[in-house]
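Letter by letter, the chains look like this.
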Amino acid sequence: AKTDKLGDAVSLGGGKFAVVERDDLATSASNKLIYQIDLTAATNINNSANFSLPTRKTIEQLTPVELATAKIAPVSKSLIVNAAQAGYTGVEKLEGLALVAPNTLALINDNDFNVAPGSKVPERLGILELSKDLPVTGIIGTKIITATDSADLLLGVKESNTRIIGDRRNNIIDASIAGGNNQIYAGDGADELYAGKNDRLFGGRGNDILDATDGVGGNELDGGTGDDQLFAGTNDRLFGGDGDDTLFAGLGGNTLIGGNGRDIFILAAVTLPTQANIITDFKAGTDTLKIVGLPGIGDDITKLTAVVQGSDTLLKAGTVNIALLKGVQANLIGDILNPNPNPNFPIPGITLSKNLFTTNATTKGLSVNGLSKRVGSKVNEIGFFAVDDLTGKIGGIAPGAAGYLKLVADSAQPIFSNLDGSFFNTSKREIRLDSNKTYQFFEIQDGSIAELQQQIASGKTLPSILFSLPDTSGNSPFKVTTNSTNDGYQISINNDELRLSVSKLADTTPNIPIGAKSQNLAQGRIVDLSDYAGKILKADITTKSDAAYNNSIAFYAVEDAVLGTIKLANGTIFKPGDANYAIEAIKGAILQVGKTDNKFNQDLIGGKIYAPVLISQGSLTDFVNFNPTNSNGTNTIHAYFNYLGANPDKLDHFRLLGDNTFGVEDLYGGGDRDFNDVVINVNIRNI
């Protein structure tokens, strides 16, 4: 992805600014570059007398040499930090930058108000502490607590519009009697922060307490990371952030947002609220609702009543409105407190228990459809594998025991990986299931089954794997609910990082398109026509790309779908990793297409298995001429294969996105791992 966008700028005084230059990625490999620029020696182009442009050219079109000839001196700039490498990841659009202190910047992203259907881009506030002070002049109203100060600070009644920056100790900062409009950034440590009027409290790292109960309203409390406790007064806004937080709803008119984690919402304690508080992101089965010591009810939350209001649910204690749960529909409080994690509904031949699917004697398969993916999240592979029973054992080996992951890797089948705004609407597949078996879904984060197999074999660090089977505490990152038409499941993975639907087959058996029969293999990003010997098939090929490189992709014949071996006319066999594998595969490659091509009615000979190969920054001919050994290092022209052993970096550069649809990463060493540098779809017809 190109670093070609300006995000925001903030003045440092004296003609100096901090400026964001960014790309559209959201990982630690992205560029969220913050530069210091200096205008003092630059040419003021508002005055045309200061420069002389060449004929028929604008300033933007000038080369550095032409700028000098035109007597235009650009601003000087130096890199302050790459915010992504400093931990500010998970969002694409870093477009908010504020100066908190000479060594501290506040960052926030633009989520476009999540107006796009299905969009759930988080609001990501970051506090970036620099190793050195910036050359700030003219900044007032900021107090930085240092090790020489007391960790406790009480703001006086006259203090307002002040920024307080805590240090790494356990700070206690009280603005409850101050003049208001203060901003308090706690920093690291287990801090206690108290709000007054229109204050902003930021807990940062650590298990913090943020309290607005003695304030007069209009406060915003952000717990940040850690397991925080947040207390509302009236007309306040609470955001738990990451971690397992506890949010106290207060006396009314407050908005509570739990954020990530398993949060506890205390709807009311001792005193009934004067008006309903709003909870925007309660997740049944993950978060918890409680009441404490209410008159006539005590702690028994089951005494509350639930009333559906449009797409929301209002909770009441008698006639008193307690809380409005946004996006939750339930007519009984019990349905909210104890949601059935495995509802039964009419998918013939399938039962569900403990998030595991069990087939009967007539079951042939399931249809799985990718519904949405959180923008900026990694490209994760979704798959499934058979288990012995509802304990999740494989061959008698229990989850977590030695050797269990190898059994998973050896038996797992991929369903698909999802790209951000996938280029083709093909993240829907019908999968084969055996009769009278129990299956578990799983997700490999930022990885694939092929990589998992390789890393287990080599003893390398394994990727993060999320399993649908709940752990011993009953927790699972997979949440299963009934879909809107009551004929299938919806599965939310990792707090809606990815959402799937699972439904019955359209026919009695799975519809496996021509070419897709081996795409249940770990390295099954291939087109298998072995069942069509003696036939000439027609292929329509479409490619799309989000890459700067001028890549091309082609197909070559392999003898074995699993091993990826190739056989020459003289009988010589090459396997992936052999010295001449790459060049011999390239010599026999067909159907070469560019990164944004369409080719229709291309002939394919049946009876063969075709594997894709990507040539980065070139064509088949370029590879033969400039890097026939597929050597690693700085050479920009490489061949990347479906089979990991054939790649110069031995990494997985392919992802299965749907039937006969593959995404490819074009950079040596894995690059940004977005797998959209070339996306290819092959539609094969039997004529």
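Our subject is the structure that appears above.
Because the structure is a prediction, the values reported are computed rather than measured.

**Student:** Go over the overall build of the protein, please, and point to the residues and values.
**Tutor:** In terms of regular secondary structure, the protein is built from 6 helices and 49 strands. Computed over C-alpha atoms, the radius of gyration of the protein comes to 29 Å, within 12% of the 26 Å expected from 2.2 N^0.38 for 687 residues, which places it in the range of a compact globule. Expressed as lengths along the three principal axes of its C-alpha atoms, the size of the protein is roughly 90 × 80 × 45 Å. Just so you have it, the protein exposes about 30400 Å², and 51% of that area is on carbon and sulfur atoms. A gap of 5 Å separates the mean positions of the 58 positive and 76 negative side-chain charges of the protein.

**Student:** Hey, could you go over the packing of aromatic side chains for me, with residue numbers and the actual values?
**Tutor:** In this structure the tally under the stated criterion is 12 aromatic pairs. Where F385 meets F442, the ring centres are 5.5 Å apart and the plane angle is 65 degrees; that geometry is what we call edge-to-face. On the criterion of sequence distance, the pair formed by F385 in strand β30 (residues 381-387) and F442 in strand β33 (residues 438-444) is long-range, its members being 57 residues apart. An identical accessibility class is assigned to F385 and F442; each is buried. Ring centres of Y556 and Y581 lie 6.1 Å apart, and the angle between their planes is 85 degrees; on these two criteria the pair is classed as edge-to-face. Residue Y556 is located in strand β40 (residues 552-558), and its partner Y581 is located in helix α5 (residues 581-587); the two are separated by 25 residues in the primary sequence.

**Student:** Got a sec to walk through the sheet that holds strand β2 (residues 16-22)? Specific residues and values, please.
**Tutor:** Pairing in this open sheet of 4 strands is antiparallel, and the strands run β1-β2-β3-β4 from one edge to the other. In this open sheet, the two edge strands, each paired with only one partner strand, are β1 (5-13) and β4 (76-82). Averaged over all pairs of adjacent strands, the angle between their axes in this sheet comes to 25 degrees, without regard to strand direction. The sheet contact formed by β2 and strand β3 (residues 32-38) spans 7 bridges and is antiparallel. Bridging from a neighbouring strand, K16 pairs with D38 of β3.

**Student:** For unusual backbone geometry, give the residues involved together with the corresponding values.
**Tutor:** Here R56, not a glycine, exhibits a phi torsion of approximately 65 degrees, which is positive. In this fold, R56 is placed in the loop between β3 and α1 (64-69). The phi dihedral of K354 falls on the positive side, at around 55 degrees, and the residue is not glycine. Inspection of the secondary structure assignment puts K354 in the loop between β27 (350-353) and β28 (356-359).

**Student:** Quick rundown of the side chain of N551? Include the residues and the values.
**Tutor:** Structurally, N551 is set in the loop between β39 (536-544) and β40. N551 sits in the buried class, given a relative accessible area of 1%. A polar side-chain atom of N551 sits 2.9 Å from the main-chain amide nitrogen of Q617. Excluding residues within four positions of it along the chain, N551 makes contact with G594, K595, L614, I615, S616, Q617, G618, D666, D677 and V678.

**Student:** Mind laying out the sheet that holds strand β13 (residues 192-194), listing which residues take part and the relevant values?
**Tutor:** Read across the open sheet, the 8 strands follow the order β9-β11-β13-β15-β17-β19-β21-β23; overall the sheet is parallel. Of all strands in the sheet, those bounded by a partner on one side alone are β9 (152-154) and β23 (288-292). Within this sheet the neighbouring strands show an average axis-to-axis angle of 10 degrees, counted without direction. Where β9 meets strand β11 (residues 172-174), 3 bridges bridge the pair, whose relative direction is parallel. Residue pairing in the sheet places D152 in a bridge with I172 of β11.

**Student:** Explain the pairing of strand β6 (residues 104-109) to me, using residue names and the numbers behind them.
**Tutor:** Most of β6 is tucked away, with 5 of its 6 residues classed as buried. Strand direction decides the pairing type here: strand β5 (residues 94-101) and β6, joined by 6 bridges, are antiparallel. Across the sheet, the residue bridging to A101 is T104, located in β6. Two successive antiparallel strands, β5 and β6, enclose a turn made up of 2 residues. Pairing of β6 with strand β7 (residues 125-129) involves 5 bridges; the strand directions are antiparallel. When the sheet's bridge partners are listed, T104 is paired in β7 with E129.

**Student:** Any details on helix α4 (residues 449-458)? Residues and values, ideally.
**Tutor:** Among the residues of α4, I449, A450, E451, L452 and Q455 are the ones counted as buried. For α4, the secondary structure elements touched by its buried residues are β30, α3 (404-411), β31 (413-417), β33, β34 (465-467) and β47 (654-658). Of the residues one or two after α4, G459 is the one with positive phi, at around 75 degrees.

**Student:** Please set out the pattern of salt bridges residue by residue, giving values where relevant.
**Tutor:** Under the defined criterion, the tally for this structure stands at 26 salt bridges. D23 is the salt-bridge partner of K32, the closest N and O atoms lying 2.7 Å from each other. You'll find K32 and D23 in the same group, each marked buried. When the shortest N-O distance is used, the salt bridge between R655 and D652 registers 3.3 Å. For D652, a relative accessible area of 2% translates into the label buried. Within the structure, one salt-bridge network assembled from shared partners comprises D446, E451, R525, D652, R655 and R673.

About the criteria used
- Residues numbered from 1 in each chain as written.
- Predicted model: local features only at pLDDT ≥ 70, side-chain atom pairs only at ≥ 80, totals over all residues.
- Heavy atoms only, no water.
- Helix = DSSP H or I, 4+ residues; strand = E, 2+ residues; numbered from the N terminus.
- Rg over C-alpha atoms; globule rule 2.2 N^0.38 Å.
- Areas by Shrake-Rupley, 256 points an atom, 1.4 Å probe, with all protein chains shown as cover.
- Lys, Arg positive; Asp, Glu negative; His and termini not counted.
- Charge placed at Lys NZ, Arg CZ, Asp CG, Glu CD.
- Phe/Tyr/Trp six-rings, centres within 6.5 Å; stacked < 30°, edge-to-face > 60°.
- Buried < 20%, exposed > 50% of the residue type's maximum accessible area, 1.4 Å probe, protein only.
- Pairing = 2+ DSSP bridges.
- Axes fitted to C-alpha atoms, helices over the stretch in contact; angles between N-to-C directions.
- Polar contact = N/O pair within 3.5 Å; in protein donor to acceptor, adjacent residues only side chain to side chain.
- Contact = heavy atoms within 4.5 Å.
- Salt bridge = Lys/Arg side-chain N within 4 Å of Asp/Glu carboxyl O.

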